[in-house]
There are 2 protein chains.
Amino acid sequence: MRTLNVTLKNHSYPVFVGAGTLAKSGALLAGCGFKGAPIVISNSTVMRLHGKTLLAALEKEFGKTPVIKIGDGERFKSHESLFGIYDAMFKLRAGRSSWILAFGGGVIGDIAGFAAATFMRGIPFAMIPTTLLSQVDSSIGGKTGVNVPQGKNLIGAFHQPSAVIADTEVLKTLPARELASGLYEVIKYGAIASKSLLGYIEKRLPEILKCGARELEHIIMESAQIKADVVALDEKETGPRAILNYGHTIGHAFEAATHYRKFKHGEGVAWGMIAALRYGREVGLLKETEADRLIKLIRGAGKLPPVKGIRFDDIWNALMLDKKFQHGDIRMILLNKPGKAAIYNGIEKDSLCGFLKKFLAESL
Amino acid sequence: MRTLNVTLKNHSYPVFVGAGTLAKSGALLAGCGFKGAPIVISNSTVMRLHGKTLLAALEKEFGKTPVIKIGDGERFKSHESLFGIYDAMFKLRAGRSSWILAFGGGVIGDIAGFAAATFMRGIPFAMIPTTLLSQVDSSIGGKTGVNVPQGKNLIGAFHQPSAVIADTEVLKTLPARELASGLYEVIKYGAIASKSLLGYIEKRLPEILKCGARELEHIIMESAQIKADVVALDEKETGPRAILNYGHTIGHAFEAATHYRKFKHGEGVAWGMIAALRYGREVGLLKETEADRLIKLIRGAGKLPPVKGIRFDDIWNALMLDKKFQHGDIRMILLNKPGKAAIYNGIEKDSLCGFLKKFLAESL
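Residues numbered from 1 in each chain as written. Chains lettered and ligands numbered in written order. Predicted model: local features only at pLDDT ≥ 70, side-chain atom pairs only at ≥ 80, totals over all residues.

## What to know about the overall build of chain A
- Secondary structure summary: chain A contains 13 helices and eleven strands in total.
- Computed over C-alpha atoms, the radius of gyration of chain A comes to 20 Å, within 12% of the 21 Å expected from 2.2 N^0.38 for 364 residues, which places it in the range of a compact globule.
- Along the first, second and third principal axes, the C-alpha atoms of chain A reach 60 × 40 × 35 Å.
- For chain A, with 364 residues in total, the buried portion stands at 50%.
- Taking contacts inside chain A between residues at least 6 apart in sequence as the whole, the part at least 24 apart equals 73%. (Helix = DSSP H or I, 4+ residues; strand = E, 2+ residues; numbered from the N terminus. Rg over C-alpha atoms; globule rule 2.2 N^0.38 Å. Buried ≥ 20, exposed ≤ 12 C-beta atoms within 10 Å, placed from the backbone. Contact = placed C-beta atoms within 7 Å.)

Below you can see the structure in the form of structure tokens.
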């Protein structure tokens, strides 16, 4: 097991990474100062696969532990689920000294974190992310929230967890597509901040895809460290934290244009990175060989659902609604070279529009 | 006009107090760094009385200013109203650079503040409280939230405003009962922290009740300063901030037991203070003459709806649900002397129970 500390201005917390940490979670959390049983927020899929291990670990330390389950899937990251959680918490007579443990992927982490942020004006929470994506992404940084009909994550709060436990063993039960989806996000960290991480993934891709414990521990630690460093610089995303959105601008538009049904979030990001790499080439950044090598790596991580057939207008409309496109000033994260990203403001609308039309027509 | 600075660890903001500040609000807010028109959140009653003055002041500085109205009254501090606000904000194409101006009493301030805390994970907001109660209480300290069927303010967040403007002129349109309700809270500040404020209110009560500008400015400044000092010590209410709850423990129970229909919040606090003063006498704190003098002052501020007829069981059940009564450890704020409060833990259940039965039977 390795430990990473996320150090923020008013709050720091440990991230424990390694095989078998789930079975030790009770002791790890007690070591972080948590007292009394948490309220676990999870879903049936995760509880069926790993609930027994979790509850054994928690109950040994904290006694009888209640579990609140919501539906499995992005569409359950809703106000309705949030109310369901509040109601269940009131029934459990939760109070200001209660704490929440989010046990699941990004949906669970985001909604459980938002429940913690808003229940009696905020109670502590910890996270045991069970997907590669949530282990490297949403469990670090304190973004919590729910989706609304107008878009994803539009209602939320910044609320930092007090501990994160990432068990690599748990990832063995992930469907291949889900694992790849997280791996795209890992590749993103390499692309924006670490050439050596990119090299490592290139070299160890087969072991990673087979859930090798050592390889997963390494890429999770590296990714979490990169995210933690960026978040420490800019907790509320007023500036430099935006580079974490590499691949997300166009990626989100692909997801939104297909009503979040065609692509998993990581797959959207993968397409967004491919588009950003090609667009970067078009405006003269990055070498052709560098862009191609990165695209090859992305393609090698899994099979992406095709973008062909998506209507350009749907993509464009989604892009214009993106909260990153403030006051019509189009901003994109682009790579100067592999491992080095920068924020580019004032992207020309016509140039991006023309590029995207071509990209949609040419990509498979 | 006088200005007070609320100085918190990561955030400070000015409170402008004085007659005619509403008409200058545009310039005052622009001076605080706000750019672009705010989204005003208010209700029809306040807009009818003071909307013209507000919009003239804002539009001179910021141009066309949209207003979102919710219903007037505590029952509109609900999730339904909150969704209505979000929806209206999306229709107005609000984004991360938007800001909210809460224009109304405590209900408006709390719900508009919570909307600001959670819209796109938090946008800035300013407050123009239009009741004496909200000028001295909810506009300082960053508590925001909504009511749920299980209780008041159980869902919320700490989110500090970036400016507060308290116009004493506006209070002239308040019903007498509403003014008294705020005055009880002012007396509370005197009771817990300032003998001189108590003396001032005793001496100038007639002028205060006639909305004398100088007197109101003085008591608002004193109250806001006391609250700001306590909040600066304990922003998230983990400790000493609890003394602000003087009169609130029993007061809330009176409000809840009568389904928030019989008493205004300040009236509940007034009864809570009277009960706490009598209970303090019973356990040997405070002199009889001091308690009587304070009760006389509270009674002089307005006519309180009687507590006689409220069932003891309803009060007791409400008390046991109070989030301040954690793990059965009953905690009350009591006065050692006028102007000096302290937190008393481990109040004996039987003693409080017996006292309350007697109090209900004897009080008018």
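## Looking at the interface of chain A and chain B
- Residue-level contacts link 22 residues of chain A with 22 residues of chain B.
- Mapped onto the side of chain A that touches chain B, the elements with two or more residues apiece are helix H3 (79-91), helix H4 (106-118), strand S7 (143-148) and strand S8 (151-158) of chain A.
- Ranked by residues supplied to the side of chain A that touches chain B, first place goes to S8(A) with five residues.

## Some remarks on the environment of Arg299(B)
- Relative to the elements of secondary structure, Arg299(B) occurs in helix H11 (residues 288-301).
- Sequence separation between Arg299(B) and Ile274(B) is 25 residues; the distance between their C-alpha atoms is 9.2 Å.

## Some details on the packing of helix H6 (residues 176-193) of chain B against H11(B)
All names here are of chain B.
- It is at 9 Å that the axes of H6 and H11 come closest, and there the two elements cross at 160 degrees. Relative to H11, H6 is oriented roughly antiparallel. Both H6 and H11 take part in a crossing whose hand is right-handed. Contacts from Ala-180, Leu-183, Tyr-184, Ile-187 and Ala-191 in H6 reach Leu-294, Leu-297, Ile-298 and Ala-301 in H11. (Axes fitted to C-alpha atoms, helices over the stretch in contact; angles between N-to-C directions. Parallel < 35°, antiparallel > 145°, perpendicular 65-115°, else oblique. Left-handed = near helix turned anticlockwise from the far one by under 90°.)

## Examining the domain arrangement of chain A
All names here are of chain A.
- Entries for chain A in the domain assignment read domain 1 (2-173) and domain 2 (178-362).
- For domain 1 versus domain 2, the separation of C-alpha centres amounts to 26 Å.
- Residue-level contacts link 25 residues of domain 1 with 26 residues of domain 2.
- Counting only elements with at least two residues in the side of domain 1 that touches domain 2, the list comes to strand S1 (2-7), strand S2 (12-18), helix H5 (132-136) and S8.
- Tallied by class, the residues present in the side of domain 1 that touches domain 2 amount to 13 nonpolar, seven polar and five charged. (Domains from an automatic or database assignment. Nonpolar A, V, L, I, M, F, W, Y, C, P; charged D, E, K, R; others polar.)

## Considering unusual backbone geometry
Residues and elements named next belong to chain B.
- A positive phi angle is found at His-259, which is not glycine, with a value near 55 degrees.
- By secondary structure assignment, the location of His-259 is in the loop between helix H9 (248-257) and helix H10 (265-282).
- Among the residues examined, His-259 registers 9 C-beta atoms within 10 Å and is labelled exposed.
- Despite not being glycine, Tyr-260 shows a phi value in the positive range, around 55 degrees.
- Inspection of the secondary structure puts Tyr-260 in the loop between H9 and H10.

## A word on H3(A)
- Taking 1.5 Å as the rise per residue, H3(A) with 13 residues should run 18 Å; its terminal C-alpha atoms sit 18 Å apart, in good agreement.
- Residues of H3(A) that are buried include every one of Ser81(A), Leu82(A), Ile85(A), Tyr86(A) and Met89(A), and no others. The arc that holds the buried residues of H3(A), viewed along the axis, is 140 degrees, so those residues lie on one side. Residues of H3(A) that are exposed and point over 90 degrees away from its buried face: Glu80(A) and Lys91(A).
- Contact partners of the buried residues in H3(A): strand S3 (39-43), strand S4 (67-70), H4 and S7 of chain A together with strand S7 (143-148) and strand S8 (151-158) of chain B.
- Of the residues flanking the end of H3(A), it is Arg93(A), one or two places downstream, whose phi is positive at about 60 degrees. (Expected span 1.5 Å × (residues − 1). Arc of directions from axis to C-beta.)

## A word on the relation of the copies chain A and chain B
- Superposing chain A onto chain B takes a rotation of 180 degrees combined with a translation of 0.0 Å along the rotation axis, leaving an RMSD of 0.0 Å. On the angle and the small slide along the axis, the relation comes out as a two-fold axis. (Least-squares fit on C-alpha atoms with pLDDT ≥ 70 in both.)

## Brief notes about the sheet that holds strand S9 (residues 163-167) of chain B
All names here are of chain B.
- One open sheet holds the seven strands; their spatial order is S1-S2-S9-S6-S5-S3-S4, and the pairing between them is mixed. Two strands lie at the open edges of the sheet, namely strand S1 (2-7) and strand S4 (67-70), each paired on one side alone. For this sheet, the mean angle separating the axes of adjacent strands, direction not counted, is 20 degrees.
- In this sheet, S9 lies alongside strand S6 (residues 125-129) in parallel orientation, the contact comprising two bridges. Looking at S9, one finds that Met-127 is bridged to Val-164.
- Running at roughly 160 degrees to S4, helix H3 (residues 79-91) makes contact with strand S3 (39-43) and S4 of the sheet. (Pairing = 2+ DSSP bridges.)

## A short note on the pairing of S1(B)
All names here are of chain B.
- Where S1 and strand S2 (residues 12-18) come together, six bridges link them in antiparallel fashion. Note that in S2 the partner of Thr-7 across the bridge is Ser-12.
- A loop of four residues connects S1 with S2, the two strands running antiparallel in sequence.

## Brief notes about the nonpolar core
- By size, the foremost hydrophobic cluster in this structure holds 227 residues, and its most contacted members are Ile41(A), Ile100(A), Ile111(A), Ala115(A), Ile41(B), Ile100(B) and Ala115(B).
- Excluding anything up to four places from it in sequence, Ile100(B) contacts Pro38(B), Ile39(B), Ile41(B), Ala112(B), Ala115(B), Ala116(B), Ile123(B) and Phe125(B). (Core = buried A, V, L, I, M, F, W, Y, C linked by C-beta atoms within 7 Å.)

## A look at helix H2 (residues 44-62) of chain A
All names here are of chain A.
- In this model, H2 (19 residues) spans only 22 Å end to end at C-alpha, well below the 27 Å of a helix rising 1.5 Å per residue.
- Looking at H2, one finds that the buried residues are Val-46, His-50, Leu-54, Ala-57 and Leu-58.
- Looking at the packing, one finds that the buried side of H2 touches helix H1 (25-31), S3 and strand S5 (100-104).
- Among the residues trailing H2, Gly-63 stands out with phi positive, at a value near 85 degrees.

## What to know about the packing of helix H9 (residues 248-257) of chain A against helix H12 (residues 312-321) of chain A
Residues and elements named next belong to chain A.
- Contact geometry for H9 and H12: axes closest at 8 Å, N-to-C directions at 120 degrees. As the angle between them shows, H9 and H12 are arranged oblique. Judged by the twist between their axes, the crossing of H9 over H12 is right-handed. Seen from H9, the contacting residues are Ala-253, Phe-254, Ala-256 and Ala-257; seen from H12, they are Asp-314, Ile-315, Ala-318 and Leu-319.

## Considerations on the environment of Val6(B)
- Here Val6(B) lies in strand S1.
- Not counting residues up to four positions away in its chain, the partners in contact with Val6(B) are Ser12(B), Tyr13(B), Val15(B), Ile140(B), Ala228(B) and Val231(B).

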